[in-house]
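Descriptive structure summary
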Amino acid sequence: MELDSRIEAVLFFKSEPVSLKKLAEILAVTEEAASEALLVLENKLAGRGIRLMRANSEIALATAPEAGELVESLVKEDQNRDLGKAGLETLAIVAYQGPIARSQIDYIRGVNSSAIVRNLMVRGLIERVANPDDSRSFLYQPTMDLLQNLGLTKLEQLPEFETFKTRLEAIAETSDE
Amino acid sequence: MELDSRIEAVLFFKSEPVSLKKLAEILAVTEEAASEALLVLENKLAGRGIRLMRANSEIALATAPEAGELVESLVKEDQNRDLGKAGLETLAIVAYQGPIARSQIDYIRGVNSSAIVRNLMVRGLIERVANPDDSRSFLYQPTMDLLQNLGLTKLEQLPEFETFKTRLEAIAETSDE
Amino acid sequence: MENRFTIKAGEFEGPLELLLDLIEKRKLHISQVSLAQVADEYIIHVQRLGQVPMGDMANFVLVASTLMLIKSLSLLPTLQLTQEEKQSVEDLERRLKLYEKMRELSVHIKERFGKQILYNRQPSKERPIVFAPAKDATAASLHEGIKRVLASLPKREAIPQAIVRKVISLEEVVENLADRVQRAFKLRFSEFAGQYKEERVNVIVSFLGMLELVKQGIINVTQDSHFQDIAMETTKPGVPRY
């Protein structure tokens, strides 16, 4: 059985995001080999009912965006889709600028964002990771769940992602002085 | 989107066998059309990690038989895996404060706990019971198996049980505001 | 126990949001000129804010004082600004542009969120539950776990000391600014000749009154801080600077 098919089986069985490292470990291959096979799988799934998702070097399978409405009709519990103005702003900052510190979110929004950040974390739309430059502090980044809610298989598919990622970073740096 | 891909999305999401009749109903097509599309899907899945399974006119997606050994090793690994920090914290909340709603677990931890709660359930460490106050939702509580495994005859024997239960209650209450 | 985080993350309008709204309402672009134009209106809004947490009120007042600087400069271009004042003027303009960009980008999120969701597999009801104890789950580790959970609950946030200090020193800054504008105004009074003379004088007089209002706002804020039991934490990096 081809590596890409074995990956598909693992992701299907796991039903939750798996890191590239873990995936390589399970399949007893190098991360490079797993990465290559993921590209193959991604291509094979094009146009199909399920898609390969990636976020923060984690990988998962999910239903295709085009099937969103159909599957939604099968979901029983109601989903809270109201983000509010503060939630939208904060999600935009984290999606386009993440991983980003809370102090920088505050700086951009001009208000204390601790309540809204916590709210988005509880909803599973953003997550906290250790700051590689400062072990005592945290950074916030978008979750796979957020991407799924936005109908994206990866963050780079966000409109204007590349343009604003770089441009805004240059400005955000000023808050670090 | 092609009918076979739409079927794939539905079966993937459902994670359990669906009858042909039900499938046709979901997709708003005749059973004949669904049957034909199933043949197409079956062909497309040949050699892949996921296969179409049929038994007694029930249809489901499952991992390919060739991946059987791989899947078995995953099952074993899942069963022996340590819970880790996040898992232990979640289990502790359920043990000290159960029966408790998922939304309250999320609120207390400050992060979304759905994946962890599911994992604890699959392992038989916690179980879901009906919420007496709201028939549409569930509460989570530790299983008898867990108690026995911890060497306890009742939860109250957990260290400082009353103290922490009271403190958690106060927090959980504020989440309902 | 502190449960301040239960305060709802409501639709609280922040200072940058208010400022941007005022500029956009007049169909202006962000610039020092447009900031000077909306300064009065901004301050009137801030006066009407009512109950706002101390930390947030400080942010409003800090922006107000920078707007006053910008306005002073637009009225009396000869007014000398210190290096720090110049920087806070530039900083406000830059931050406002950054905020504007993010607000624009948030439209993409709004348009997409929840519209075409990619779903995970539902938890299978077919999978038999087999009791699988974890080696690390013991009564002691659960005890440790619950202690960790309680310890990591959010504490009531201390207002960064730097903000408090800045607001307190602002009182002096505004007083000083009022002095400088008044002096420059008297010095230049003879220059305000011609038909617009009266108009110009009126503008500056009302501006001085506005400065007084800002000062009062600042005094309010600093007084609040005396009544509140503020835990003085060390300043975190990246605290907003105006």
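For the structure, check the block above.
Description of the structure in this document.

Rules used throughout
Residues numbered from 1 in each chain as written. Chains lettered and ligands numbered in written order. Predicted model: local features only at pLDDT ≥ 70, side-chain atom pairs only at ≥ 80, totals over all residues. Heavy atoms only, no water. Buried < 20%, exposed > 50% of the residue type's maximum accessible area, 1.4 Å probe, protein only. Helix = DSSP H or I, 4+ residues; strand = E, 2+ residues; numbered from the N terminus. Arc of directions from axis to C-beta. Contact = heavy atoms within 4.5 Å. Phe/Tyr/Trp six-rings, centres within 6.5 Å; stacked < 30°, edge-to-face > 60°. Lys NZ or Arg CZ within 6 Å of the ring centre and 35° of its normal. Buried area = accessible area lost by both parts, 1.4 Å probe. Salt bridge = Lys/Arg side-chain N within 4 Å of Asp/Glu carboxyl O.

Further remarks concern helix α2 (residues 20-27) of chain B. For α2 of chain B, the complete set of buried residues consists of Leu20, Leu23, Ala24, Ile26 and Leu27 of chain B. One side of α2 of chain B holds all its buried residues, which, seen down the axis, span an arc of 160 degrees. Facing away from the buried side of α2 of chain B, by more than 90 degrees, are the exposed residues Lys21 and Glu25 of chain B. The inward-facing, buried residues of α2 of chain B contact α4 (68-72) of chain A together with α1 (3-14), β1 (18-19), α3 (31-45) and β3 (58-63) of chain B.

With that settled, consider the packing of aromatic side chains. Under the defined criterion, the tally for this structure stands at five aromatic pairs over all chains. Between the aromatic rings of tyrosine 96 of chain A and phenylalanine 161 of chain A, the centroid separation amounts to 6.2 Å while the plane-to-plane angle is 35 degrees, which identifies the pairing as tilted. Separated by 65 residues along the polypeptide, tyrosine 96 of chain A in helix α5 (residues 84-97) and phenylalanine 161 of chain A in helix α9 (residues 161-172) bring together distant segments of the chain. Like phenylalanine 161 of chain A, tyrosine 96 of chain A is buried. Ring centres of tyrosine 96 of chain B and phenylalanine 161 of chain B lie 5.9 Å apart, and the angle between their planes is 25 degrees; on these two criteria the pair is classed as stacked. Site record: aromatic cluster; members linked through ring pairs are Tyr96, Phe161 and Phe164 of chain B. Seen from the ring of phenylalanine 138 of chain A, arginine 128 of chain A lies directly overhead, with NZ or CZ sitting 3.8 Å from the centre.

This next bit is on the interface of chain C and chain A. Counting residues at the interface gives 43 residues for chain C, matched by 62 residues for chain A. Carbon and sulfur atoms supply 59% of the area that chain C and chain A bury against each other, a total of about 4900 Å² over both sides. The three residues of chain C that bury the most area against chain A are Phe113, Leu118 and Tyr119 of chain C, which together make up 18% of that side's buried surface. Summed over the shared surface of chain C and chain A, the number is one salt bridge. A salt bridge links glutamate 17 of chain C to lysine 85 of chain A; the shortest N-O distance between them is 2.9 Å. Those elements giving two or more residues to the side of chain C that touches chain A turn out to be α1 (15-25), α3 (54-75) and α4 (83-112) of chain C. Examining the composition of the side of chain C that touches chain A, we find that 14 residues originate from one element, α4 of chain C, more than from any other.

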